[in-house]
Amino acid sequence: KINLWGFSIKHPRALSTFKAFIVLKFLITISLKVLNKEYSNVLGVSIFEIVSGSMEPTLNVKDLIVVKKTSNISKNDIITYIDGKDFITHRVIKIEGNTLTTKGDSNNSDDVRIDKSKVIGKVILRIPKGGVLREVFTTPKVIVSIVVTLILISLSISYIPKDKRKKVVSLDDKFEDPDCIYKK
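No experiment lies behind these values; they were computed from the predicted model shown. Along each chain, numbering runs from 1 in the same order as the chain's sequence is written. This being a predicted model, a pLDDT of at least 70 is required before a residue's local features are given, and a value of 80 or more before pairs of side-chain atoms are given or counted; all residues contribute to the totals for chains, interfaces and linings. Side-chain measures were taken over the full set of non-hydrogen atoms in the model, leaving aside hydrogen atoms and water.

## A word on the overall build of the chain
Secondary structure is summarised from DSSP: a helix means a run of H or I of at least four residues, a strand means a run of E of at least two, and numbering begins at the N terminus for each. For the chain, the helix and strand inventory stands at three helices and 11 strands. Expressed as a percentage of its 184 residues, the buried residues of the chain come to 24%. Contacts are assigned to residue pairs that have any heavy atoms within 4.5 Å of one another. Across the chain, contacts joining residues at least 24 apart in sequence account for 42% of those joining residues at least 6 apart. For every accessible area listed, the method is Shrake-Rupley and the probe measures 1.4 Å; residues are considered covered only by the protein chains on display. When the accessible surface of the chain is split by element, carbon and sulfur atoms take 59% of a total near 13400 Å². Remark: exposure states derive from per-residue accessible area (1.4 Å probe, protein chains only) relative to the maximum for the residue type, with buried under 20%, exposed over 50%, and partly exposed in between.

In structure tokens form, the structure reads like this:
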């Protein structure tokens, strides 16, 4: 059982999800800030945001993609690779030994050939417009608003009006009110 701003998390699945989220956030922070990596990679999985229209209509601007590290890459797989300081997500159109040729779905020409060692992984999941949610929920004003709202909700739920409160009396006192709570 966890109490968070007055809310109790009792359900085992919710508790497990909450703990997993906290551990994941911690690992991502360690990966990016302490280890000074260019991207987070937790258990072989990374998350990226699409910033150009080169893969439309398959992947749109502001979509989030989940990329899984793998060495098993086939023709027509959508992969993310590193090119200098940029992360490129395109479709594999040709494989020749350790060299890949990729192309954006809406591009007219093929990309420069890349070595397999530059591949971060294969796209396994698309979250449509997930970048918008990430943007909203990482804005300081929104975070402060959410925290203040949760605190106010917690206070309003825990508030008991004076006329609804139970009286506390000792056993030595005479009692007549059946709603009393007795203390020893």
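Picking up where we left off.
## Some remarks on the side chain of Asp77
Relative to the helices and strands, Asp77 is located in the loop between β4 (64–68) and β5 (78–83). Here a polar contact is taken to be a pair of N or O atoms separated by no more than 3.5 Å, where protein atoms must pair a possible hydrogen donor with a possible acceptor and residues adjacent in sequence count only if both atoms sit in side chains. At 3.3 Å, the side chain of Asp77 and the side chain of Lys122 are in polar contact. Apart from the residues lying within four places of it in its own chain, the contact partners of Asp77 are Asn72, His90, Arg91, Val92 and Lys122.

## Some remarks on the nonpolar core
Only buried Ala, Val, Leu, Ile, Met, Phe, Trp, Tyr and Cys residues count toward a nonpolar core, and they belong to the same one when joined by side-chain atoms within 4.5 Å. Ranked by size, the top nonpolar core spans 10 residues in total: Phe48, Ile50, Met55, Leu59, Ile65, Val67, Ile78, Ile82, Ile120 and Val123. Those elements that place two or more of their residues in this core are β4, β5 and β9 (119–127).

## Let's talk about the pairing of strand β7 (residues 99–103)
Here a strand pair is declared whenever DSSP counts at least two bridges between the two strands. Sheet topology note: the strand β6 (residues 86–96)/β7 ladder contains five bridges and is antiparallel. Looking across to β7, one finds that Lys94 is bridged to Thr101. Hairpin connection of β6 to β7: two residues between the antiparallel strands, including Gly97 at a positive phi of 65°.

## Describing the side chain of Asp63
Here Asp63 lies in the loop between β3 (45–49) and β4. With sequence-adjacent residues up to four places away left out, Asp63 is seen in contact with Phe48, Glu49, Ile50, Arg126, Ile127, Pro128, Lys129, Gly130 and Gly131.

## Description of the pattern of salt bridges
For salt bridges, the criterion is a side-chain nitrogen of Lys or Arg within 4 Å of an Asp or Glu carboxyl oxygen. This model, assessed by the stated rule, comprises six salt bridges. We note a salt bridge from Arg126 to Asp63, for which the minimum N-O separation is 2.7 Å. One end of the pair, Arg126, is in strand β9; the other, Asp63, is in the loop between β3 and β4, and 63 residues separate them in sequence. On the accessibility criterion, Arg126 (34% relative accessible area) is partly exposed.

## Side note on the packing of aromatic side chains
Stacked, tilted and edge-to-face pairs are distinguished by plane angle, under 30 degrees for stacked and over 60 for edge-to-face with tilted covering the rest, among Phe, Tyr and Trp rings (Trp via its six-membered ring) whose centres lie within 6.5 Å. Taken as a whole and judged by the stated rule, the model has one aromatic pair. An angle of 40° between the planes, with centres 5.1 Å apart, marks the rings of Phe48 and Phe87 as tilted. Of this pair, Phe48 sits in strand β3 while Phe87 sits in strand β6, placing them 39 residues apart in sequence. Among the residues examined, Phe48 registers a relative accessible area of 10% and is labelled buried.

Structural measurements only, silent on function.
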